[in-house]
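Here's the letter readout for the chains.
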Amino acid sequence: MKTTGKLLILGMMLSTLAMASGTEVKIGVNGMVCGFCAQGITKKFKAENAVESVDVKLSEKKVTLILREKQDLPDDRIKQILTDSGFNVQKIERQGI
Amino acid sequence: MGKHFLIALGLVLISLARVGNAHPVSYKEAIGVMAWNQSFMSDYWLTYSFAPNAAIAARGMRMEMPEGQYLVYFPQFDWLAKRWNNPDSQANIYVYGGAGGARLANRDGYAGQVGIEADAESRSWFIMGKWESMWSNLTDVFHHGEFRVGLAPYEAEFNEIASWLMIQVQYHPTLTKKYAITPLARLFYKNVLWEAGVSLQGDWMLNFMFHF
């Protein structure tokens, strides 16, 4: 009984932590060779409510987004933003953090 | 001979544009300010990219001609005709044109201009060529050809200062300086870009660009 109670509390704590963390979205981008030209990417993604932070890595040809908890940014929207910024999406990967 | 040379030069510049970098059009809804300054010529652009492949611009130019100072100012339409986004490089072809007012040695008139620009770049090399022609009721047709190659001494990351060493060759037969070969340095950090150089004939050059 005591053990069951402890497990329940632990489970609640873990689920609370899981809800508090967002999603990491890694986007492979073609044509992103110049920081000056890629400025639009950070500006456009930061304007999205769902986006907490944006990290551009030219050497990895990758844009990493951290989404706010319980929020999502659909793939179609991500592709639209990158197309409007002048680039092409190669792939999109998501994982919880 | 001269005409054939210019046509051949234009074709070579266009054919070099397999990959590229872009100024006349930026990301959608971007506003860009560009100023190119040399002793014999200045070129100012204020652009608004209303689409990923199109922008409107207000442009003003100063050119030093044997007849005197030649000023033109006009609205311009910029079109990104083609872009290649590759994993390690980008290339672009732009076409643009506009028409407006002109002033030469205290005489007012009008002028119209068209241009084509092609560029290609990776994180370590850059190549660009452009050709512009301008017609006016005040003077002969003004032609301007420009070609650039550049190398980056290191591959800068997104939040680092990027530096480039470039050589620019310009040809504009109706100006007081018919050509200029200018080694230059380019620095950019985030959304601000600076270029400075001195031509082999001793003419200074100072360029500035930013977008927001």
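All figures in this text were calculated on a predicted structure; none of them were measured in a lab.

What counts as what
Residues numbered from 1 in each chain as written. Chains lettered and ligands numbered in written order. Predicted model: local features only at pLDDT ≥ 70, side-chain atom pairs only at ≥ 80, totals over all residues. Heavy atoms only, no water. Helix = DSSP H or I, 4+ residues; strand = E, 2+ residues; numbered from the N terminus. Buried < 20%, exposed > 50% of the residue type's maximum accessible area, 1.4 Å probe, protein only. Contact = heavy atoms within 4.5 Å. Pairing = 2+ DSSP bridges. Polar contact = N/O pair within 3.5 Å; in protein donor to acceptor, adjacent residues only side chain to side chain. Salt bridge = Lys/Arg side-chain N within 4 Å of Asp/Glu carboxyl O. Core = buried A, V, L, I, M, F, W, Y, C linked by side-chain atoms within 4.5 Å. Patch = residues over 30% accessible without salt bridge, like charges linked within 9 Å, V, L, I, M, F, W, Y side chains within 5 Å. Areas by Shrake-Rupley, 256 points an atom, 1.4 Å probe, with all protein chains shown as cover. Axes fitted to C-alpha atoms, helices over the stretch in contact; angles between N-to-C directions. Parallel < 35°, antiparallel > 145°, perpendicular 65-115°, else oblique. Left-handed = near helix turned anticlockwise from the far one by under 90°.

1. Concerning the overall build of chain A
Working step 1: Counting secondary structure elements, chain A contains 3 helices and 4 strands.
Working step 2: For chain A, the sequential pattern of α-helices and β-strands runs α-β-α-β-β-α-β.
Working step 3: Evaluated residue by residue, chain A yields a buried proportion of 41% over its 97 residues.
Working step 4: The contacts in chain A between residues at least 6 apart in sequence include a share of 63% that link residues at least 24 apart.

2. Remarks on the pairing of strand S12 (residues 204-211) of chain B
Residue and element names in this part refer to chain B.
Working step 1: Of the two faces of S12, the one holding Met205, Asn207, Met209 and His211 is buried and the one holding Trp204, Leu206, Phe208 and Phe210 is not buried anywhere.
Working step 2: One ladder, built from 7 bridges, connects strand S1 (residues 31-38) with S12; its direction is antiparallel. Within the sheet, the bridge partner assigned to Val33 lies in S12 and is Phe210.
Working step 3: Looking at chain direction, strand S11 (residues 192-198) and S12 are connected through 7 bridges and run antiparallel. Note on S12: the bridge partner recorded for Glu195 is Asn207.
Working step 4: Turn length for the S11-S12 hairpin, with the two strands adjacent in sequence and antiparallel, is 5 residues, and the turn residue Gly202 shows positive phi of about 95°.

3. So, the side chain of B:Gln76
Residues and elements named next belong to chain B.
Working step 1: Note on placement: Gln76 falls in strand S4 (residues 68-85).
Working step 2: One polar contact links Gln76 to Asp78, side chain to side chain, over a distance of 2.8 Å.
Working step 3: Of the polar contacts made by the side chain of Gln76, one reaches the side chain of Gln113; its length is 3.1 Å.
Working step 4: Look past the residues within four positions of Gln76 in its chain and what remains in contact with it is Trp45, Ala55, Ile56, Ala57, Arg59, Tyr96, Gly97, Gly98 and Gln113.

4. Section: the pattern of salt bridges
Residues and elements named next belong to chain B.
Working step 1: Taken as a whole and judged by the stated rule, the model has 16 salt bridges over all chains.
Working step 2: With its nearest N and O atoms 3.9 Å apart, the salt bridge here joins Glu146 to Arg148.
Working step 3: As a salt-bridge pair, Arg186 and Glu195 come within 2.7 Å of each other at their nearest N and O atoms.
Working step 4: Taking relative accessible area as the criterion, Glu195 reaches 2% and is therefore assigned buried.
Working step 5: A single network of salt bridges, built from pairs that share partners, joins Glu146, Arg148, Arg186 and Glu195.

5. A short note on the nonpolar core
Working step 1: If you look at the biggest cluster of nonpolar residues, it comprises 40 residues, and the most contacted ones within it are A:Ile27, A:Met32, A:Ile41, A:Phe45, A:Val63 and A:Leu65.
Working step 2: Sequence-distant contacts of A:Leu65, that is, excluding residues within four places in its chain, are made with A:Thr23, A:Glu24, A:Val25, A:Ile27, A:Phe45, A:Val51, A:Ser53, A:Val54, A:Leu73 and A:Ile78.
Working step 3: Formed by 16 residues, the second largest nonpolar core is a distinct cluster that contains B:Met63, B:Met65, B:Val72 and B:Leu104.

6. Considering the environment of B:Met134
All names here are of chain B.
Working step 1: Inspection of the secondary structure puts Met134 in strand S7 (residues 125-136).
Working step 2: Taking the relative accessible area as the measure of exposure, Met134 reaches 1% and is therefore buried.
Working step 3: Remark: the alpha-carbon pair of Met134 and Arg107, spanning 27 residues in sequence, is separated by 17 Å.

7. Regarding a nonpolar patch on the surface
All names here are of chain B.
Working step 1: Taken together, the side chains of Tyr154, Ile161, Leu187, Tyr189, Trp194, Val198, Trp204 and Leu206 present a nonpolar region at the surface, about 800 Å² in accessible area.
Working step 2: Secondary-structure assignment places Trp194 in strand S11.
Working step 3: Overall, the relative accessible area of 45% leaves Trp194 in the partly exposed class.

8. With respect to the pairing of S7(B)
Residues and elements named next belong to chain B.
Working step 1: Taking burial as the measure, the 12 residues of S7 include 10 buried ones, the bulk of the element.
Working step 2: As judged from the 11 bridges shared by strand S6 (residues 107-121) and S7, these two strands associate in the antiparallel manner. Following the sheet pairing, Gly112 is matched in S7 by Trp135.
Working step 3: Counting the residues in the hairpin turn of S6 and S7 gives 3 residues.
Working step 4: In the sheet, S7 pairs with strand S8 (residues 142-151) via 10 bridges, with the strands oriented antiparallel. Counterpart to Trp131 in the pairing with S8 is Gly145.
Working step 5: Counted between consecutive antiparallel strands, the loop separating S7 from S8 contains 5 residues.

9. Regarding the packing of helix H2 (residues 39-46) of chain A against helix H3 (residues 75-84) of chain A
Residues and elements named next belong to chain A.
Working step 1: Running from N to C, H2 and H3 cross one another at 140°; their axes reach a closest spacing of 9 Å. Viewed along their axes, H2 and H3 adopt a mutual orientation that is oblique. Crossing angle aside, the handedness with which H2 passes H3 is right-handed. Of the residues in H3, those touching H2 at Ile41, Lys44 and Phe45 are Ile78, Ile81 and Leu82.

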